[in-house]
Amino acid sequence: MNFDWTDDYLLHIEPIDREHRRFLSLIKSYHNSSSTSEDLVLKDLSRYIEFHFESEERLMELEAYSKLNEHKLAHLELRKKFLSYQQQRKMGNLKKSELLYFLLSWFVQHTTEVDKDFTKEVTSKKY
Ligand SMILES: [Fe+2]
C-alpha cells in the first residue's frame, strides 16, 4: 500500500486538496503508529473525517452541486463503515492491515472518482 500523495489526487480546488492531503497523512500516521499510539491516531482521524466531510459538503452546497445528496450518502456510508470497523477492532476481530486497506482504498476511489465529478461540474459551469 502506498500512503504518499500523488497529483492524481488533485481536484484543483485548494481547500479540498489541502484537506485531502491531511486526510491521507493521517491514514499514513495510523500505518506508522505503534500499538500505544494507535487509538489516539484513530481518534484524530475520526475527527478529521467529520471536519472534512462537513467542509466539502458546505462547499458543494454553495456551488449548488447537482449530486449533493448522493455525495452526502457516500460520506455517510464511510462514517458507518468506519464506525463498524472500529467496533470490530475494539473486539479484537480486525487486523490493522484490514482497516488500513479499507481507509486507503476508500480515499483513493472517492478522491479520484466521486470527488472529481464535483470538480467537473464546477469547472464546466465557470468556464
Ligand atoms: Fe467527498
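Here's a quick rundown of the structure. Keep in mind the model is a prediction, meaning the values are calculated, not measured. (Residues numbered from 1 in each chain as written. Predicted model: local features only at pLDDT ≥ 70, side-chain atom pairs only at ≥ 80, totals over all residues.)

In terms of regular secondary structure, the chain is built from four helices and zero strands. Helices and strands appear in the chain in the N-to-C order α-α-α-α. Against the globule reference of 14 Å for 127 residues, the chain gives a C-alpha radius of gyration of 15 Å, in line with a compact fold. With the C-alpha coordinates aligned to their principal axes, the bounding extent of the chain is approximately 50 × 25 × 20 Å. Burial status across the chain gives 12% buried among its 127 residues. (Helix = DSSP H or I, 4+ residues; strand = E, 2+ residues; numbered from the N terminus. Rg over C-alpha atoms; globule rule 2.2 N^0.38 Å. Buried ≥ 20, exposed ≤ 12 C-beta atoms within 10 Å, placed from the backbone.)

Packing of helix α1 (residues 14–32) against helix α2 (residues 38–62) brings their axes to within 10 Å, and their N-to-C directions diverge by 160 degrees. In terms of orientation, α1 lies roughly antiparallel with respect to α2. Regarding α1 and α2, the two cross each other, and that crossing is left-handed. Side by side, α1 and α2 meet where Pro15, Ile16, Glu19, Arg22, Phe23, Leu26, Ser29 and Tyr30 of the first sit next to Glu38, Val41, Leu42, Asp44, Leu45, Tyr48, His52, Ser55, Glu56 and Leu59 of the second. Taken together, the residues that form the contact of α1 with α2 break down as 10 nonpolar, three polar and five charged. (Axes fitted to C-alpha atoms, helices over the stretch in contact; angles between N-to-C directions. Parallel < 35°, antiparallel > 145°, perpendicular 65-115°, else oblique. Left-handed = near helix turned anticlockwise from the far one by under 90°. Contact = placed C-beta atoms within 7 Å. Nonpolar A, V, L, I, M, F, W, Y, C, P; charged D, E, K, R; others polar.)

The subject of this paragraph is the nonpolar core. With eight residues, the main nonpolar core is built from Phe23, Leu24, Leu26, Ile27, Tyr30, Leu42, Leu99 and Leu103. Examining the composition of this core, we find that five residues originate from one element, α1, more than from any other. Apart from the residues lying within four places of it in its own chain, the contact partners of isoleucine 27 are Phe3, Leu103, Leu104 and Phe107. (Core = buried A, V, L, I, M, F, W, Y, C linked by C-beta atoms within 7 Å.)

Taking 1.5 Å of rise per residue, the 19 residues of α1 would be expected to cover 27 Å, and the 27 Å separating its terminal C-alpha atoms lies within 8% of that figure. All of the buried residues along α1 are Ile16, His20, Phe23, Leu24, Leu26, Ile27 and Tyr30. Down the axis of α1, the buried set is contained in an arc of 150 degrees. They therefore lie on one face. Turned more than 90 degrees from where α1 packs its buried face, Glu14, Arg18, Arg22 and Asn32 sit exposed. (Expected span 1.5 Å × (residues − 1). Arc of directions from axis to C-beta.)

Phi at histidine 12 takes a positive value of approximately 65 degrees, unusual for a residue other than glycine. Summarising the element assignment, histidine 12 is placed in the segment before α1. Of note, alanine 64 is a non-glycine position whose phi angle comes to about 50 degrees, a positive value. Among the secondary structure elements, alanine 64 is positioned in the loop between α2 and α3 (68–90). According to the C-beta neighbour criterion, alanine 64 is exposed, with 10 such atoms within 10 Å.

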